[in-house]
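Analysis of the macromolecular model
One letter stands for each residue in the lines below.
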Amino acid sequence: VSQAFDFPDEPEYAPIRRALAAIDAAHDDGDLPVIDVQLVRGMKDAAEYTVDHQGQPSIVVAARHPAREFSLVHENGHFLDHQAFSPGIFESEQQNSAMTRILEAIRQSRAYQEWQKIPLDDARDYLLDPAEMWARAYVTWVTRKSGSQRLAAQLAVINQDEFGYWQDPDFATIETEISNLFAARGWL
């Protein structure tokens, strides 16, 4: 996966290298287009995946965010969703997609049931969006599969939030479905 990422070879990009090492430890990816990654000071959000008007994807990460690695892995989930299955289309938003079984497993989880109880607002819309559900499941999967202690520590902090991710064993079926999809694509 890391071969698709273009970023400066500077010491401040060490969190990016650590995140990519965790992703590479978890899975391969087939062929992906090159993606530009930048650390940006003064960002409100932790990270963001975007595609410019020419179709070029990029990821920006808040340079001082305490969960830079976790945030990059999450955004890589969006990158894979948008570029690895049907390039230029978010696979998670398609009917009968390669991710259908994963999204069904997410919807059966206790975490999803809790997210549905949130009053209608932007947070609920975010948590129940298929692309976000996929990216959140993907970063959890990479954290578990890679064995990265740094990602695990960042996930533990994030899970203290009221809109946390999955706890064991709530993630088990989701983890299996992601592994099955990646194995079927030859990414494991």
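The following paragraphs examine the structure supplied in this document.

Conventions we followed
Residues numbered from 1 in each chain as written. Predicted model: local features only at pLDDT ≥ 70, side-chain atom pairs only at ≥ 80, totals over all residues. Heavy atoms only, no water. Helix = DSSP H or I, 4+ residues; strand = E, 2+ residues; numbered from the N terminus. Buried < 20%, exposed > 50% of the residue type's maximum accessible area, 1.4 Å probe, protein only. Polar contact = N/O pair within 3.5 Å; in protein donor to acceptor, adjacent residues only side chain to side chain. Pairing = 2+ DSSP bridges. Salt bridge = Lys/Arg side-chain N within 4 Å of Asp/Glu carboxyl O. Contact = heavy atoms within 4.5 Å. Arc of directions from axis to C-beta. Axes fitted to C-alpha atoms, helices over the stretch in contact; angles between N-to-C directions. Parallel < 35°, antiparallel > 145°, perpendicular 65-115°, else oblique. Nonpolar A, V, L, I, M, F, W, Y, C, P; charged D, E, K, R; others polar. Phe/Tyr/Trp six-rings, centres within 6.5 Å; stacked < 30°, edge-to-face > 60°. Lys NZ or Arg CZ within 6 Å of the ring centre and 35° of its normal.

Some words on unusual backbone geometry
For the bond from D168 to P169, the omega torsion is -10°, close enough to zero to count as cis. Within the element layout of this structure, P169 appears in the loop between helix 7 (149-158) and helix 8 (172-184). Even without being a glycine, N96 presents a positive backbone phi close to 50°. Along the chain, N96 falls in the loop between helix 2 (68-83) and helix 3 (100-107). Overall, the relative accessible area of 74% leaves N96 in the exposed class.

Things to note about the environment of R144
In this fold, R144 is placed in helix 6 (residues 130-146). According to the relative accessible area criterion, R144 is partly exposed, its value standing at 35%. Distance from R144 to D161, taken between C-alpha atoms, is 19 Å for residues 17 residues apart in sequence. Among the polar contacts made by the side chain of R144, one reaches the side chain of E175 at a distance of 2.9 Å.

Some thoughts on the sheet that holds strand 3 (residues 47-51)
What the 4 strands build is an open sheet, ordered 1-2-4-3; its pairing is mixed. At either margin of the open sheet sits one strand with a lone partner, and together these are strand 1 (5-6) and strand 3.

Some words on the pattern of salt bridges
Evaluation of the coordinates by the stated rule reveals 9 salt bridges. When the shortest N-O distance is used, the salt bridge between R41 and E12 registers 3.5 Å. Remark: E12 occurs in the loop between strand 1 and helix 1 (14-26) and R41 occurs in the loop between strand 2 (35-40) and strand 3; sequence separation between them is 29 residues. Overall, the relative accessible area of 53% leaves R41 in the exposed class. Classification of E12 by relative accessible area gives partly exposed; the value is 37%. Of the charged contacts in the structure, one is a salt bridge between R101 and E177, with a shortest N-O distance of 3.1 Å. With R101 in helix 3 and E177 in helix 8, this residue pair connects regions lying 76 residues apart in the sequence. The class of R101 is exposed, set by a relative accessible area of 55%.

Observations concerning the side chain of Q154
Here Q154 lies in helix 7. Assessed through its relative accessible area of 9%, Q154 is described here as buried. Apart from the residues within four sequence positions on either side, Q154 is in contact with P66, A67, R68, E69 and F70.

Remarks on helix 7
Looking only at helix 7, the buried set comprises L151, Q154 and L155. For helix 7, the angular spread of buried residues about the axis comes to 100°, placing them on one side. In helix 7, those exposed residues whose orientation departs by more than 90 degrees from the buried face are Q149 and V157. The inward-facing, buried residues of helix 7 abut helix 1, helix 2 and helix 6.

Quick look at the packing of helix 2 against helix 7
Packing of helix 2 against helix 7 brings their axes to within 8 Å, and their N-to-C directions diverge by 90°. Taken together, the axis directions place helix 2 and helix 7 in an arrangement best described as roughly perpendicular. In this structure, helix 2 uses R68, E69, F70 and V73 to contact helix 7, whose residues at the interface are R150, L151, Q154, L155 and I158. When its residues are assigned to classes, the contact of helix 2 with helix 7 shows 5 nonpolar, 1 polar and 3 charged.

Quick look at the packing of aromatic side chains
Applying the stated criterion across every chain yields a total of 15 aromatic pairs. Between Y165 and W166, the ring centres sit 6.3 Å apart and the planes meet at 80°, which makes this aromatic pair edge-to-face. When its relative accessible area of 9% is taken as the criterion, Y165 is described as buried. Through a chain of ring-to-ring contacts, the aromatic side chains of F70, Y112, W115, Y165, W166 and F171 assemble into a single cluster. In this structure, R136 packs its charged tip against the face of Y165, placed 3.9 Å from the ring centre.

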